[in-house]
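Fold and contact review
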Amino acid sequence: MLATDTQTAAAPHAAHGKRVKMKATEVEVYYSEKRALNKINLDVREHEVTALIGPSGCGKSTFLRTMNRMNDVIDGCRMAGKILLDQQDIYDPNIDVVQLRARVGMVFQKPNPFPKSIYDNVAYGPRIHGLVRSREETDAVVQKSLERAGLWKEVKDRLHEGGTSLSGGQQQRLCIARAIAVDPEVILMDEPCSALDPIATAKIEELIDELRTNYTIVIVTHSMQQAARVSQRTAFFHLGDLVEVGDTAQIFTNPNDERTQGYITGRFG
Amino acid sequence: MSPSLVFLAIAALAVFGFFLGRRRVLAMEGTRIRASIHSLPSYYGYYMALWCIVPAAAVMALWFVVEPTIIEGLVLSAMPESYRAMSANQLTLVMADIRNFAYGNAGTRTPDPAIADAVRNYHGLHETGAWIVSIVGACLGVAGFAIGFWRINPQMRARNRVERFAIVVMIIASTIAVLTTVGIVGSLVFESMRFFTKYPVFDFLFGTQWSPQTAIRADQVGSSGAFGFIPLFTGSLLITVIAMFVAVPIGLLSAIYMSDYASPRLRSVAKPVLEVLAGIPTVVYGFFAALTVAPFVRDAGSAMGLDVASESALAAGVVMGIMIVPFVSSLADDVIHAVPQSLRHGAYGLGSTKSETIRQVVLPAALPGIVAAVMLAISRAIGETMIVAMAAGLAANLTFNPFAAVTTVTVQIASLLVGDQEFDSPKTLSAFALGLVLFVITLCLNIIALAVVRKYREKYD
């Protein structure tokens, strides 16, 4: 039932073509001497939601963080292999990590609004990247981002209250608005709903589906229902290996690998 | 039999009571069918021990507080008429004399017959008192032991009672702390009032002359004494401002470096080393300021053609600033470190550079703590005495020139009260007024700091 839903949802976007937005080749990550990821090869297609699933500690979040080099800020973390963003290696020394992260944005597991007003939270990214010049431009970007994140109606009268005064679900949507305010091409989401209640989760999932028209999205999730609901492609990680990747419908109805089968039917994980 | 021995015996009895109480409740439980003990057995032990020791200790402590008054009253009433007619001050002297003879501190002097009688009387009373308190204490201890023993039964809620007692102890402790503060402030206010009866409040608060020398004898030619607060206040202000100009940038920048740039290894070495600075006695800073920094400032100044006093506000302020660096850096480092890592990651994830993250996300989030750290440092600077006394001098110049010699409120308080003083001259009393004003200033600073912290506090969860 779920599978057919996602299939019909995916169908219109086939028109976008299956252009590869990001391509990971032989990616390995080490924490000190411990290997966390094992030769990962994965294509992320444009205007699709790619879900990374797998049991805890399987390396899916680690992989997600390699895609905008967030692992750089972790001590003792080392990476091998290649990740291409539009045919360009993001680990190339000529790449400015700051610009990379403007193109590949990130939403975290726990909502982490800055201790600033709602307005300043959203305006932060455009300001540091010099995307806005005047007050009017900033206002416009803030409004557009909040609208896209489905938060505008709820906060338009209290833009100058603290971002931390919002509820958990609102905070997470604020973080999404903050990420899309810099107009990224790819948005990485690391279990964005794990700290939220079911209603807030439903709203975010709806939002993710809408965002797909403008952005490429990679989402790490623990909930297989969520992966089935929001994604077009699913990658299953296990113990640092990418076990299987394919269309979400195929992964959830007819997985090739026994381990995938075991995980999605709840036999382990 | 001495009271302290009795007290030790009671304490031993209480320890015994602890074990006995514990065993008793267990034994009682065994004698009944299906009875259960309300609290853990050790609570019954504590219950019994407390009954044993608390009333006895309270009575004995009370005795030691009131004993001198009672004995002295009794001794005095037994003395000849002529003594009883003396003034209060003279009587204090006589009593001190009696005590000195009684404890053998009077050297080889021989006492007057009347005094000798009083000393004998004093000895006798003292001994009797000790006996009485020992016996009363012992009785209370034994009685408490018995009461505790009688009251113990498995249904009694020993835990609740013992814990209620613990609460009472905590309330007493905090009451003592509060009362001490109130007492100190009260004595400041009271003595200041005495000063203000001799010297007008207005002249004190707004006078621009400070020269506290007063004539001690009527025929002495001395200055009449001027107690204008303003030069001292500007001196304190000047030195504090200089100190802050040194301490805040150095402290804050080193805190930022240590929390966000330094490797964990460097941090684990650098932070304790920096904190060693805080352990150096201020008097050491003082002679560093007086012997090294002040001459350096003077020579550097004269090389540039400036007129610099050999004791300058600048030297004292700079050294004081260095003294305060560890306070600022250590406290600020803690609060910067406490800013959740998720905020930093959020900023990096949006493509901020490290310095943007720190300036625009981390520092605003840490601001309340940083303000608190700076305020604490300011209170330290205002209260600091030794460095200023050694490096900035005693001259109460009304100036904002950092190259001039100035003095501060604290230094003047110290110099007013050093040496033999009579405690009813305006000179000494003015120290209390200075203390009071200093207290009010630091109190205001703390209130401002609290208000700032409350206004900008952010909750992260």
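Residues numbered from 1 in each chain as written. Chains lettered and ligands numbered in written order. Predicted model: local features only at pLDDT ≥ 70, side-chain atom pairs only at ≥ 80, totals over all residues. Heavy atoms only, no water.

**Here's the deal with the overall build of chain B**
Looking only at helices and strands, one finds 16 helices and two strands in chain B. The C-alpha atoms of chain B give 32 Å as radius of gyration, which overshoots the globular expectation for 461 residues (23 Å, by more than 25%). For chain B, restricting intrachain contacts to residue pairs at least 6 apart in sequence, the fraction spanning at least 24 positions comes to 73%. Only carbon and sulfur atoms are counted for the fraction: they give 69% of the accessible area of chain B, which is about 24,400 Å². Distance between charge centres in chain B, computed from 30 positive and 26 negative side chains, equals 16 Å. (Helix = DSSP H or I, 4+ residues; strand = E, 2+ residues; numbered from the N terminus. Rg over C-alpha atoms; globule rule 2.2 N^0.38 Å. Contact = heavy atoms within 4.5 Å. Areas by Shrake-Rupley, 256 points an atom, 1.4 Å probe, with all protein chains shown as cover. Lys, Arg positive; Asp, Glu negative; His and termini not counted. Charge placed at Lys NZ, Arg CZ, Asp CG, Glu CD.)

**Section: the interface of chain A and chain B**
Of the residues lining the interface, 23 residues belong to chain A; the matching set on chain B comes to 20 residues. Summed over both partners, the interface of chain A with chain B comes to about 1,800 Å²; 61% of that surface belongs to carbon and sulfur atoms. At the surface where chain A touches chain B, the tally comes to zero salt bridges. Applying the counting criterion to the chain A and chain B interface returns four residue pairs in polar contact (both at pLDDT 80 or more). If you list the elements that add at least two residues to the side of chain A that touches chain B, you get α3 (97-103), β6 (104-107), α4 (118-128) and α7 (168-181) of chain A. Grouping the constituent residues of the side of chain A that touches chain B by class yields 13 nonpolar, five polar and five charged. (Buried area = accessible area lost by both parts, 1.4 Å probe. Salt bridge = Lys/Arg side-chain N within 4 Å of Asp/Glu carboxyl O. Polar contact = N/O pair within 3.5 Å; in protein donor to acceptor, adjacent residues only side chain to side chain. Nonpolar A, V, L, I, M, F, W, Y, C, P; charged D, E, K, R; others polar.)

**Points about helix α5 (residues 135-148) of chain A**
Residues and elements named next belong to chain A. Taking 1.5 Å of rise per residue, the 14 residues of α5 would be expected to cover 20 Å, and the 20 Å separating its terminal C-alpha atoms lies within 8% of that figure. All of the buried residues in α5 are Thr138, Val142, Ser145 and Leu146. Buried residues in α5, looked at end-on, bunch into an arc of 95 degrees, giving them a common side. Looking at the buried residues of α5, the elements they touch are α4, α6 (152-155) and α7. Of the residues trailing α5, glycine 150 is marked for its positive phi of about 70 degrees. (Expected span 1.5 Å × (residues − 1). Buried < 20%, exposed > 50% of the residue type's maximum accessible area, 1.4 Å probe, protein only. Arc of directions from axis to C-beta.)

**Regarding the pattern of salt bridges**
This structure, assessed with the given rule, holds 26 salt bridges over all chains. Among the ionic pairs, arginine 19 of chain A bridges to aspartate 86 of chain A, the shortest N-O distance being 3.4 Å. Residue arginine 19 of chain A is located in the loop between α1 (2-10) and β1 (20-31), and its partner aspartate 86 of chain A is located in the loop between β4 (77-85) and β5 (88-89); the two are separated by 67 residues in the primary sequence. Classification of arginine 19 of chain A as partly exposed rests on a relative accessible area of 38%. Glutamate 191 of chain B serves as the salt-bridge partner of arginine 194 of chain B, at 3.2 Å between the closest nitrogen and oxygen. With arginine 194 of chain B and glutamate 191 of chain B both in helix α6 (residues 158-198) and three residues apart, this pair spans about one turn of that helix. With a relative accessible area of 30%, arginine 194 of chain B lands in the partly exposed category. What makes glutamate 191 of chain B buried here is its relative accessible area of 16%. Each of the salt bridges in this network shares a partner with another, and the network as a whole consists of Arg19, Lys21, Glu46, Asp86, Arg103 and Glu185 of chain A.

**A closer look at the domain arrangement of chain B**
With domains assigned, chain B is organised as domain 1 (3-156) and domain 2 (226-456). One C-alpha centre belongs to domain 1 of chain B, the other to domain 2 of chain B; they are set 49 Å apart. (Domains from an automatic or database assignment.)

**Considerations on the sheet that holds β4 of chain A**
All names here are of chain A. What the four strands build is an open sheet, ordered β2-β1-β4-β5; its pairing is antiparallel. Whereas interior strands pair on both sides, the edge strands pair on one side only; in this sheet they are β2 (34-45) and β5. With eight bridges connecting them, β1 and β4 associate as antiparallel partners. When the bridges of β4 are listed, threonine 25 appears paired with lysine 82. (Pairing = 2+ DSSP bridges.)

**Things to note about the confidence of the model for chain B**
Residue and element names in this part refer to chain B. Scored by pLDDT, chain B has a mean of 85; 94% of the residues are at 70 or more. For chain B, per-element mean pLDDT is lowest for helix α3 (residues 81-84), which scores 74, and highest for α6, which scores 92. Here the predicted complex scores 0.73 on pTM and 0.83 on ipTM. (pLDDT = per-residue confidence, 0-100.)

**What about unusual backbone geometry?**
Residue and element names in this part refer to chain A. Of note, serine 32 is a non-glycine position whose phi angle comes to about 50 degrees, a positive value. As for its position among the elements, serine 32 is in the loop between β1 and β2. Its identity as a non-glycine residue notwithstanding, lysine 39 has a phi of 40 degrees, on the positive side. By the element assignment, lysine 39 lies in strand β2. Classification of lysine 39 as partly exposed rests on a relative accessible area of 47%.

**A few points about the sheet that holds strand β7 (residues 186-190) of chain A**
For sheets, the rule is that strands pair by backbone hydrogen bonds, running either parallel or antiparallel. Residues and elements named next belong to chain A. The six strands lie next to each other as β6-β7-β8-β3-β9-β10, forming an open sheet whose pairing is mixed. Sheet topology places β6 and β10 (241-247) at the edges, where each strand pairs with a single neighbour. Across the sheet, the mean angle separating the axes of adjacent strands is 15 degrees when strand polarity is ignored. Where strand β3 (residues 49-53) lies against strand β8 (residues 216-220), four bridges are found, and the strand directions are parallel. (Axes fitted to C-alpha atoms, helices over the stretch in contact; angles between N-to-C directions.)

**So, the nonpolar core**
Counting residues in hydrophobic clusters, the biggest one holds 75 residues, and the most contacted among them are Phe195, Phe204, Ile239, Met320, Ile324, Ile387 and Leu434 of chain B. The biggest single contributor to this core is helix α13 (residues 354-383) of chain B, with 13 residues. By size, the runner-up hydrophobic cluster in this structure holds 41 residues, among which are Val122, Ala177, Ala200 and Ile264 of chain A. (Core = buried A, V, L, I, M, F, W, Y, C linked by side-chain atoms within 4.5 Å.)

**Here we look at the environment of alanine 290 of chain B**
All names here are of chain B. Along the chain, the position of alanine 290 falls in helix α10 (residues 282-303). By relative accessible area, which is 24% here, alanine 290 ends up partly exposed. A sequence separation of 99 residues divides alanine 290 from alanine 389, and the C-alpha atoms of the two residues are 9.2 Å apart. Dropping the residues within four chain positions of it, alanine 290 is found in contact with Pro295, Met390 and Ala391.

**Examining the environment of isoleucine 53 of chain A**
All names here are of chain A. Looking at the element boundaries, isoleucine 53 is found in strand β3. On the accessibility criterion, isoleucine 53 (1% relative accessible area) is buried. Separated by 28 residues in sequence, isoleucine 53 and threonine 25 have C-alpha atoms that sit 19 Å apart. Look past the residues within four positions of isoleucine 53 in its chain and what remains in contact with it is Lys60, Thr221, Met224, Ala227, Thr234, Ala235, Phe236, Phe237, Phe252, Tyr263 and Ile264.

**Remarks on the packing of helix α9 (residues 264-279) of chain B against helix α11 (residues 313-338) of chain B**
Residue and element names in this part refer to chain B. Taken N-terminus to C-terminus, the directions of α9 and α11 make an angle of 140 degrees; their axes are 7 Å apart at the nearest point. Comparing the axis directions of α9 and α11 gives the class oblique. When you trace α9 past α11, the crossing you get is left-handed. Taken together, the residues of α11 that come into contact with α9 (itself represented by Arg267, Lys271, Leu274, Glu275, Leu277 and Ala278) are Ile322, Pro326, Ser329, Ser330, Asp333, Asp334 and His337. Residue composition of the contact of α9 with α11, grouped by class: five nonpolar, three polar and five charged. (Parallel < 35°, antiparallel > 145°, perpendicular 65-115°, else oblique. Left-handed = near helix turned anticlockwise from the far one by under 90°.)

**Considerations on the side chain of serine 39 of chain B**
Residues and elements named next belong to chain B. Locating serine 39 in the fold gives a position in the loop between α1 (3-31) and α2 (41-77). Judged by its relative accessible area of 5%, serine 39 is buried. At a separation of 2.7 Å, a polar atom in the side chain of serine 39 contacts the side chain of histidine 38. Beyond its immediate stretch of four places on either side in the chain, serine 39 contacts Tyr44, Met156, Arg157, Ala158 and Arg159.

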